[in-house]
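Structural overview
Take a look at the letters that make up each chain.
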Amino acid sequence: MAAACKIDLTFENGHKMPALGFGTWRAPDEEVEKALNQALEAGYRHIDCAPVYLNEPTIGRVLRQWIDSGRVTREELFIVTKLPPHGTRAATVEKFLKRSLTDLQLDYVDLYLVHVPFTVPEVDGPFLTDDNGEIVLETTTDHVSLWKGMEAIADAGLARSIGLSNFNQRQIQRVLDNCRIKPANLQIENHIYLQQTGLVKFCKANGITVTAYSPLGSKGIEKLLNREVPDLLDNPVVKEIAQRQDRTPAQILLRHLLQRGIATIPKSTNVDRLRQNIALFDFELTDADMAELNGLDQNVRICDFAFFPGITKHPEFPF
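Thresholds applied
- Residues numbered from 1 in each chain as written.
- Predicted model: local features only at pLDDT ≥ 70, side-chain atom pairs only at ≥ 80, totals over all residues.
- Heavy atoms only, no water.
- UniProt positions renumbered as here; feature names shortened; annotations may be inferred.
- Helix = DSSP H or I, 4+ residues; strand = E, 2+ residues; numbered from the N terminus.
- Contact = heavy atoms within 4.5 Å.
- Salt bridge = Lys/Arg side-chain N within 4 Å of Asp/Glu carboxyl O.
- Buried < 20%, exposed > 50% of the residue type's maximum accessible area, 1.4 Å probe, protein only.
- Pairing = 2+ DSSP bridges.
- Right-handed = clockwise from strand over helix to strand, strands pointing away.
- Polar contact = N/O pair within 3.5 Å; in protein donor to acceptor, adjacent residues only side chain to side chain.
- Core = buried A, V, L, I, M, F, W, Y, C linked by side-chain atoms within 4.5 Å.
- Arc of directions from axis to C-beta.

Mapped onto this numbering, the UniProt entry gives "active site" (unreviewed entry) at Tyr53. The topology assignment puts Tyr53 in the loop between β4 (46-48) and α2 (56-68). Leaving out residues up to four positions away in the same chain, Tyr53 has contacts with Thr24, Trp25, Asp48, Lys82 and His115.

Printed below as a string of structure tokens:
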């Protein structure tokens, strides 16, 4: 079995998170079952989940098999899941977390994130849409009240740490101004074309670690977005550095994030790429490499939530 991730980020509460994790977005049950087994075999211990990915029960079965067989202990795993958009109100935080815990077959998660800063009506099944095909919005989102609900599940031991995802700086500051337990982590889209240096600097200044999703650019969601997505792996600068370092373009993109002090959760269902993506701890990018990659920032957002028609009308839409 391969060695696990060799770099941790430490939260202000003392808990440690492996800086390289395994993403599970848009992985159907059969695919995620195979890929998660391969990821655990390769040494991944940080697993990123969410109920809206519709695969937590399958992930839970795999985790239970690994724990029960003694191949891994619960303490060696770092499991992240998220409060979904139809649960972002104080009264439903515990209910949705307990539902995820049941599906994941766990007593607690290591990190529980508010998935998005906006709210839609609570439903069992697909989000409600109106006659125009737009998502029905619940516009009374209250981040201060919501965070108190998040603090309560931390107090209860259901989540070791709590944090945010897809919040902008203004929304994070609102939580910071009214919290008893600070967010431990912010998960955001981050890659060479969307480096969000100001937001990352703000988080670090406030003791909030950052996790990057879509670190390789998410070419696979073009059909979902109904538009072309830039191919980060084909960028000439990335390819040149990869050739110089004798590494894959993906390894260069992931190492760039790690050296910026950012955790990341690439998703792959290809066993060779899974192994390549975790082989990041025996080389470093030079200062010149980092400067070249830093210079590629274009403020290009790929996951702009366009797959939620009408969501930009919500008063707490973050972008």
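Right, picking up where we left off after that structure.
So, about the pattern of salt bridges. Summed over all chains, the structure comprises 20 salt bridges. Between Glu138 and Arg89 there is a salt bridge, with the nearest N and O atoms lying 3.1 Å from each other. With Glu138 in the loop between β6 (109-114) and α4 (143-155) and Arg89 in the loop between β5 (78-83) and α3 (93-104), this pair connects stretches of sequence that are 49 residues apart. Arg174 is the partner of Glu316 in a salt bridge, and the nearest nitrogen-oxygen pair spans 3.1 Å. Here Glu316, found in the segment after α11 (287-294), pairs with Arg174, found in helix α5 (residues 169-177); they are 142 residues apart in sequence, far enough to count as distant. What you see here is one network of salt bridges that share partners, running through Arg89, Lys95, Glu122 and Glu138.

Our focus in this paragraph is the pairing of β6. Counting buried residues along β6, 6 of its 6 residues qualify, which places the element largely inside the surrounding structure. Direction of pairing for β5 relative to β6: parallel, over a ladder of 4 bridges. Among the inter-strand pairings, Thr81 is bridged to a residue of β6, identified as Tyr112. When β6 meets strand β7 (residues 159-165), the two strands line up parallel, connected through 5 bridges. In the sheet register, Val109 faces β7, and the bridge partner there is Ala159. With α4 bridging β6 and its parallel neighbour β7, the resulting β-α-β unit is right-handed.

Let's shift gears to unusual backbone geometry. For Asn166, which is not glycine, the phi dihedral falls at a positive 65 degrees. One can find Asn166 in the loop between β7 and α5. The phi torsion at Asp246 lies on the positive side, around 60 degrees, for a residue other than glycine. Along the chain, Asp246 falls in the loop between α8 (236-245) and α9 (249-259).

Our focus in this paragraph is the environment of Asp304. Relative to the assigned elements, Asp304 resides in the segment after α11. On the basis of relative accessible area, Asp304 is assigned to the partly exposed category, the value being 25%. For the pair Asp304 and Lys239, spaced 65 residues apart in sequence, the C-alpha separation works out to 26 Å. Contact partners of Asp304, with chain neighbours within four places excluded, come to Leu225, Arg227, Phe317 and Phe319. A polar contact of 3.2 Å, which involves the side chain of Asp304, links it to the side chain of Arg227. Here Ala306 takes part through its backbone nitrogen, which lies 3.0 Å from a polar atom of the side chain of Asp304.

Counting 84 residues, the largest nonpolar core has Tyr112, Ile172 and Leu186 as the members making the most contacts within it. Excluding residues that lie within four positions of it along the chain, Ile172 makes contacts with Leu164, Phe167, Leu186, Leu199, Phe202, Cys203 and Ile208. Formed by 10 residues, the second largest nonpolar core is a distinct cluster that contains Phe118, Val120, Val123 and Phe317.

The next point concerns α8. All of the buried residues along α8 are Val238, Ile241, Ala242 and Gln245. Around the axis of α8, the buried residues are gathered within 105 degrees of arc, so they sit on the same side. When the buried face of α8 is taken as reference, the exposed residues oriented beyond 90 degrees from it are Pro236 and Gln243. Next to the buried residues of α8 lie α9 and α11. Put simply, Asn235 is the residue that caps the front of α8, since its side-chain oxygen is 2.9 Å from the backbone nitrogen of Val237. Once α8 finishes, Asp246 follows within two positions and takes phi at roughly 60 degrees, a positive value.

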